[in-house]
Amino acid sequence: MKQKPRVRWLRRMAVILLLAAVTQVPTAAAAPAAAPAPTPGELKPHSISAAYTAGVSSGGYMATQLHVAYSGTFAGSAVFAAGPYGCAQGDLYRAQYACMQTYQDLRLDALERTTRDWSAQGLVDPVANLSGDPVYLFSGAGDATVERPVADALASYYGRFGARVRYDHTTGAGHAWISPLGPNPCTVTQSPYVNDCGIDAERDLLGHLTGPVNDPAPAPTGTLVRFDQNRYVPGGSASAVSMDGSGFLYEPAACAGTTTPCRLLVALHGCKQGYSYQGFGTRFMDTAYLDEYADTNHFLVLYPQAAPTTTLDNPNGCWNWWGYLGDSAYARHGGKQIEAIMNMVRALGGAGGGTEPPSSTTTLALPSLDAQDGYVKAAPDGSGAALGTLETVSGLALGRGSDGKDNRTLLSFETSRIPSGKEVVRAYLTVARASGSGDPWTSPAGNRLLLDLRTGCFGASCTTETADWSAPASVPAAAEIPAFSSGTQTSTDLSPAALAALDRTGTTQLRLRFASPQPSTAYVFLATSPRPTLTVEYRQRRSTGPDRAAAALVSDGRYGQHT
């Protein structure tokens, strides 16, 4: 039986994650002579008729994350050499051994269930949007970086939601984007990771996404706009979320105005293909063979750019598909990189002014109120409720104790500290583990630790009462705390409904409970020092005048809607 690798070794695996597990000597490929040079500029509003995503490797994972998280905006996706949505589940070990190699089970049923749960909670757009969406997938037999069964799982994943999948797995391609302009032979895996397999994959993917396409231009004749990505990243710092200071937009002459309807394709490079990665520059954009089709088919190509970190978190400039830099929301609404790209899309999608870059967010950490916190125990049906008595000794109890009672914890937060007139864009809970017995997350299998939210207090007062065990919530199951065996853990982001229910004039309470009662003793005590903390991110409210009407179509899901 294999021994589980050490944490230090796992961190080092980030160095080779996606596109790094290659043995060939990288070859520098010259850009096509006619490729346009970058021109400094900014994102301006266009008349966007539909939007799609495309990507390779880590960019393929990000393309799927964007499509699933914002399926009301994106009408389809194209993915080379990547696996199913949410595959890594925030775990670097799973990213390597379930989502690239096949030593671990992908657990496709669990990935589907998570997607549906997040959809029900508003953490991603309604999954019903995916039904009928065109999805183009490609996997080469020579790809030893993301193995064939992983790509097969992506096809199966989309099929479960009724997408129209076209899956090309007929070539011996290595791990790469496939293009007639690829400087590499089909079967290799080496820089710049663009391979020529004797097929026009761009015609195939665009034809599947949009219908029949016109022949490509002999060479691009539009403008490659280089813009400041910092303006679109939540918080204003691209480097803080492993993105480049520069992004790029290919704008055909036919799409340069604000009235001609054009489609939008968000094209995402893979690891080691970003503009700032060791002088890689524009080689991915120059050889992807998208700009040539853009000229003759009226669509813009947005090329967001990831960038390497100076730490082991992301040294190869991959897109975030396993939760690096502590971004637990990386695959859904609120993910730092996802929201940055969405802000770019919104800026391009408005007519007569578009959307302004996002205002910077402010973070407010609210420790729970010790005098009001506590826990309540009762039979699984809620009968015989009593106050817990071990808070000062052991902590705040959750799960089934040795007395056979089901424990639920109550936390109070002074949310009146959120400034009035500000828009809350994100909130999440952080807790620390003190001790425990057994694993309440696996008793029964798949158990979930949920957060119920109450505007104000669950009981007549905000101090813990026996009635709090079963009192109705303003927003039940507003977030979830993943399993953890030591240290601290952060919840998923509170749902949009929960953000709206925060009491801006007084107290907001959270009740922590397991979704199912444990059949035998299995519990966890949460520490009271450090205090459980509710982190709230807010910003200045945006303009809602008539010039923002088109932008509103993007944010509420009507933009790019398809039938």
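Cut-offs applied
Residues numbered from 1 in each chain as written. Predicted model: local features only at pLDDT ≥ 70, side-chain atom pairs only at ≥ 80, totals over all residues. Heavy atoms only, no water. Pairing = 2+ DSSP bridges. Helix = DSSP H or I, 4+ residues; strand = E, 2+ residues; numbered from the N terminus. Axes fitted to C-alpha atoms, helices over the stretch in contact; angles between N-to-C directions. Contact = heavy atoms within 4.5 Å. Buried < 20%, exposed > 50% of the residue type's maximum accessible area, 1.4 Å probe, protein only. Lys, Arg positive; Asp, Glu negative; His and termini not counted. Salt bridge = Lys/Arg side-chain N within 4 Å of Asp/Glu carboxyl O. Polar contact = N/O pair within 3.5 Å; in protein donor to acceptor, adjacent residues only side chain to side chain. Parallel < 35°, antiparallel > 145°, perpendicular 65-115°, else oblique. Nonpolar A, V, L, I, M, F, W, Y, C, P; charged D, E, K, R; others polar. Left-handed = near helix turned anticlockwise from the far one by under 90°.

(A) How the structure looks around the sheet that holds strand 12 (residues 299–303). Within the open sheet, the nine strands sit side by side as 1-9-10-12-11-2-3-4-5. Their pairing is mixed. Across the chains shown, the open sheet's two edge strands, defined by having one partner strand only, are strand 1 (38–40) and strand 5 (164–168). Here the strands of the sheet are splayed against their neighbours by 25° on average, with no regard to which way each runs. Alignment of strand 3 (residues 74–80) against strand 4 (residues 134–138), held across four bridges, turns out to be parallel. In the sheet register, Ala 78 faces strand 4, and the bridge partner there is Tyr 136. Sheet strands touched by helix 6 (residues 201–210): strand 2 (47–56), strand 3, strand 4, strand 5, strand 11 (261–268) and strand 12. Its angle to strand 4, the strand with the most contacts, is close to 160°.

(B) Just the side chain of Asp 143, in detail. Structurally, Asp 143 is set in the loop between strand 4 and helix 5 (148–160). Buried and unpaired, Asp 143 has Arg 148 as its nearest opposite-charge partner, separated by 7.9 Å. Only 2.8 Å separates the side chain of Asp 143 from the side chain of His 175, close enough to count as a polar contact. Every residue in contact with Asp 143, bar those within four places of it in the chain, is listed here: Ala 81, Ala 173, Gly 174 and His 175.

(C) Highlighting the pattern of salt bridges. A complete count under the given rule lists 19 salt bridges for this structure. Residues Asp 200 and Arg 203 are paired through a salt bridge, measuring 3.9 Å at the closest nitrogen-oxygen approach. For Arg 203, a relative accessible area of 29% puts it in the partly exposed group. Where Asp 493 meets Arg 426, a salt bridge forms, and the shortest distance between an N and an O atom there is 3.0 Å. Pair noted here: Asp 493 is in the loop between strand 21 (488–490) and helix 10 (496–501) and Arg 426 is in strand 18 (residues 422–437), with a separation of 67 residues, a long-range link. The same class applies to Asp 493 as to Arg 426, namely buried. In this structure, a network of salt bridges that share partners links the residues Arg 332, Lys 336, Arg 426, Asp 493 and Glu 537.

(D) Fine view of the packing of helix 2 (residues 58–69) against helix 9 (residues 336–349). Running from N to C, helix 2 and helix 9 point in directions that differ by 70°, and their axes come no closer than 11 Å. The pairing of helix 2 with helix 9 is recorded here as roughly perpendicular in orientation. Residues Met 62, Gln 65, Leu 66 and Ala 69 of helix 2 touch helix 9, and the partners they reach there are Gln 337, Ile 338, Ile 341 and Met 342. Among the residues making up the contact of helix 2 with helix 9, the classes are represented as six nonpolar, two polar and no charged.

(E) The arrangement of the packing of helix 4 (residues 108–121) against helix 5 in detail. Here helix 4 crosses helix 5 at 40°, and the two axes come no closer than 11 Å. The angle between the axes of helix 4 and helix 5 places the two elements in the oblique class. Seen along the crossing, helix 4 lies across helix 5 with a hand that is right-handed. Counting all contacts with helix 4, which are made through Leu 108, Asp 109, Leu 111, Glu 112, Thr 115 and Arg 116, the residues of helix 5 involved are Ala 153, Ser 156, Tyr 157 and Arg 160. Considering only residue class, the contact of helix 4 with helix 5 consists of four nonpolar, two polar and four charged.

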